[in-house]
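So the chains spell out like this:
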Amino acid sequence: MRSKTAPWVLLAPFLVVFIGTMIVPIIMAIGYSFTRVERSGLLGEGGVESMFAGFDNYVQALSNANFVASIGRMVLFGVVQVTVMIVAATILALLLETASAKWPGFFRAAYFLPYGIPGVIATILWSFLYIPGLSPVVDVLQLVGINIDFLGPDMVLWSIANIVTWTYTGYNMLIIIAQLKSIPGELYEAAKIDGASTFRVATSIQLPLIRPALLLTVIFSIIGTLQLFAEPRLLQTMSAGITSEYTPNMSAYAFAFQYNDIGMAAAQAVIIAVAAFTLSAVALGVSSWTEKRR
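Residues numbered from 1 in each chain as written. Predicted model: local features only at pLDDT ≥ 70, side-chain atom pairs only at ≥ 80, totals over all residues. Heavy atoms only, no water.

Trainee: Explain the UniProt feature "transmembrane region" (unreviewed entry) in the chain to me, using residue names and the numbers behind them.
Mentor: The positions UniProt marks with the feature "transmembrane region" (unreviewed entry) are residues 7–34, 74–97, 109–131, 155–178, 209–230 and 265–286. For the annotated span residues 74–97, helix accounts for 96% and strand for 0% of the residues, and the straight-line distance between the end C-alpha atoms is 33 Å. Annotated as 100% helix and 0% strand, the span residues 265–286 places its first and last C-alpha atoms 32 Å apart. (UniProt positions renumbered as here; feature names shortened; annotations may be inferred. Helix = DSSP H or I, 4+ residues; strand = E, 2+ residues; numbered from the N terminus.)

Dropping the structure here:
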């Protein structure tokens with residue numbers, strides 16, 4: 001075990017799986033994004049040939065109005081949904097970590113429970129609350145004179161946001177709680193001696209010290225927003241407002257498996273990855289800038 005090769009031997013199973021399932025597909029996707037397939041004959045009966053396309057796929061992807069609109073839609077989705085979710089997760093975490101909180105373990109488990117439900121199942125469950133005639137929520141709203149079509153073109157995006165918020169708020173709450181538990185108890189004792197209120201402790205001690213956890217949840221949420229797929233894909237059959245290119249991931253999926261254009265799908269996937277990296281870097285930069293100004 002003192003040999004220099006021992007760590008690599010122990011890491012080998014993980015590295016083989018990681019390289020085979022992550023690194024190789026990424027390299028292949030980048031390679032496919034610079035190629036196009038030429039088909040000979042009316043229906044391709046003359047054979048197919050893969051050719052170098054340069055940046056043509058990227059130009060076409062960024063010229064595709066539906067794909068650009070899907071990115072803009074997800075940016076709007078992220079600005080609203082991520083903000084609401086992180087604020088809700090932070091408030092729940094602070095409430096459960098107060099000294100006066102009763103049964104915190106029970107409520108932590110209850111708030112985290114939705115994350116344990118697969119996204120497909122959660123979407124199906126929520127769809128029954130969205131469909132008129134099946135939903136008791138719609139029926140009650142109609143009784144008081146409020147007519148809302150949760151699956152209409154103007155509302156379906158926020159119906160999806162509701163599902164995502166319900167699913168991931170508890171998950172982000174646990175990340176924040178883990179950071180809260182790392183705060184030294186001496187700080188709370190000093191605040192108590194100084195007569196600080198619970199609100200003052202939260203704003204002056206807890207919130208500044210959980211900044212790394214908040215940043216982590218924001219970055220995870222940004223990446224998850226651009227990868228949104230399962231929820232709109234399942235609701236597509238129930239809502240006329242969801243097209244096959246409603247989200248960036250759905251657009252890449254459509255080009256790969258419906259339009260049989262692997263080069264375009266790969267280019268869109270690379271653009272999604274670059275966008276996620278860029279937005280995450282911006283979040284890190286903003287956090288570092290605000291930290292330096294403090």
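Trainee: So what's going on with the UniProt feature "domain: ABC transmembrane type-1" (unreviewed entry) in the chain? Which residues, and what values?
Mentor: Under the local residue numbering, the UniProt record ascribes the feature "domain: ABC transmembrane type-1" (unreviewed entry) to residues 71–283. Along residues 71–283, the helical share is 73% and the strand share 0%, with 18 Å between the first and last C-alpha atoms.

Trainee: Can you tell me about unusual backbone geometry, naming the residues and giving the values?
Mentor: With glycine set apart, most residues show a phi of negative sign, and most peptide bonds adopt trans. Here Trp103, not a glycine, exhibits a phi torsion of approximately 50°, which is positive. The backbone phi angle of Asn260 is positive, close to 55°, even though this residue is not glycine. Within the fold, Asn260 resides in the loop between α12 (248–257) and α13 (262–293).

Trainee: Give a description of the environment of Ala281 that names residues and reports values.
Mentor: Of note, Ala281 is situated in helix α13. Separated by 83 residues in sequence, Ala281 and Thr198 have C-alpha atoms that sit 34 Å apart.

Trainee: Let's hear about the pattern of salt bridges: which residues, and what values?
Mentor: For the structure on display, the rule yields 2 salt bridges. For Glu97, the salt bridge is made with Arg108, and the minimal N-O distance between the two is 3.5 Å. Of this pair, Glu97 sits in the loop between α3 (65–96) and α4 (104–112) while Arg108 sits in helix α4, and the two are 11 residues apart along the sequence. A relative accessible area of 22% places Glu97 in the partly exposed class. Across the pair Lys181 and Glu97 runs a salt bridge, and its minimum N-O distance is 3.5 Å. One end of the pair, Lys181, is in the loop between α7 (156–180) and α8 (185–193); the other, Glu97, is in the loop between α3 and α4, and 84 residues separate them in sequence. Lys181 gets classed as exposed once you look at its relative accessible area, which sits at 52%. Via salt bridges that share partners, Glu97, Arg108 and Lys181 belong to a single interconnected network. (Salt bridge = Lys/Arg side-chain N within 4 Å of Asp/Glu carboxyl O. Buried < 20%, exposed > 50% of the residue type's maximum accessible area, 1.4 Å probe, protein only.)

Trainee: How would you summarise the packing of aromatic side chains if you had to cite specific residues and measurements?
Mentor: Applying the stated rule across the entire model yields 15 aromatic pairs. Ring centres of Phe255 and Tyr259 lie 4.9 Å apart, and the angle between their planes is 85°; on these two criteria the pair is classed as edge-to-face. Looking at Tyr259, the relative accessible area reads 40%, which means it is partly exposed. Of the aromatic side chains, those joined through ring pairs into one cluster are Phe112, Tyr115, Tyr168 and Tyr171. Above the ring of Tyr246, the side-chain terminus of Arg73 is found at 4.4 Å from the ring centroid. (Phe/Tyr/Trp six-rings, centres within 6.5 Å; stacked < 30°, edge-to-face > 60°. Lys NZ or Arg CZ within 6 Å of the ring centre and 35° of its normal.)

Trainee: Tell me what's going on with the nonpolar core, and back it up with residues and numbers.
Mentor: Counting 31 residues, the largest nonpolar core has Phe77, Ile160, Ile242 and Tyr246 as its most contacted members. Breaking this core down by element, the ones donating at least two residues are α2 (56–63), α3, α5 (119–130), α7, α12 and α13. The greatest single-element share of this core, amounting to 7 residues, is contributed by α13. Setting aside its immediate chain neighbours within four residues, Tyr246 contacts Ser70, Arg73, Val156, Leu157, Ile160, Pro232 and Gly241. (Core = buried A, V, L, I, M, F, W, Y, C linked by side-chain atoms within 4.5 Å. Contact = heavy atoms within 4.5 Å.)

Trainee: So, the packing of α5 against α7: which residues are in play, and what are the values?
Mentor: Taken N-terminus to C-terminus, the directions of α5 and α7 make an angle of 130°; their axes are 11 Å apart at the nearest point. The angle between the axes of α5 and α7 places the two elements in the oblique class. Two packed elements cross with a definite hand, and for α5 against α7 that hand is right-handed. In this structure, α5 contributes Ala122, Thr123, Trp126 and Tyr130 to the contact, and α7 contributes Ser159, Asn162, Ile163, Trp166 and Thr167. Of the residues in the contact of α5 with α7, the class split is 5 nonpolar, 4 polar and no charged. (Axes fitted to C-alpha atoms, helices over the stretch in contact; angles between N-to-C directions. Parallel < 35°, antiparallel > 145°, perpendicular 65-115°, else oblique. Left-handed = near helix turned anticlockwise from the far one by under 90°. Nonpolar A, V, L, I, M, F, W, Y, C, P; charged D, E, K, R; others polar.)

Trainee: Run through the environment of Leu157, naming residues and quoting values.
Mentor: The residue Leu157 is located in helix α7 in this model. Beyond its immediate chain neighbours, meaning those up to four positions away, Leu157 contacts Arg73, Met74, Phe77 and Tyr246.

Trainee: Let's hear about the side chain of Gln206: which residues, and what values?
Mentor: Within the fold, Gln206 resides in helix α9 (residues 198–209). When neighbours within four sequence positions are excluded, Gln206 is seen to be in contact with Leu94, Leu180, Ile183, Tyr188 and Val201.

Trainee: Let's hear about the environment of Leu92: which residues, and what values?
Mentor: Position of Leu92 among the secondary structure elements: in helix α3. Along the sequence, Leu92 and Arg108 sit 16 residues apart, while their C-alpha atoms lie 8.9 Å from each other.

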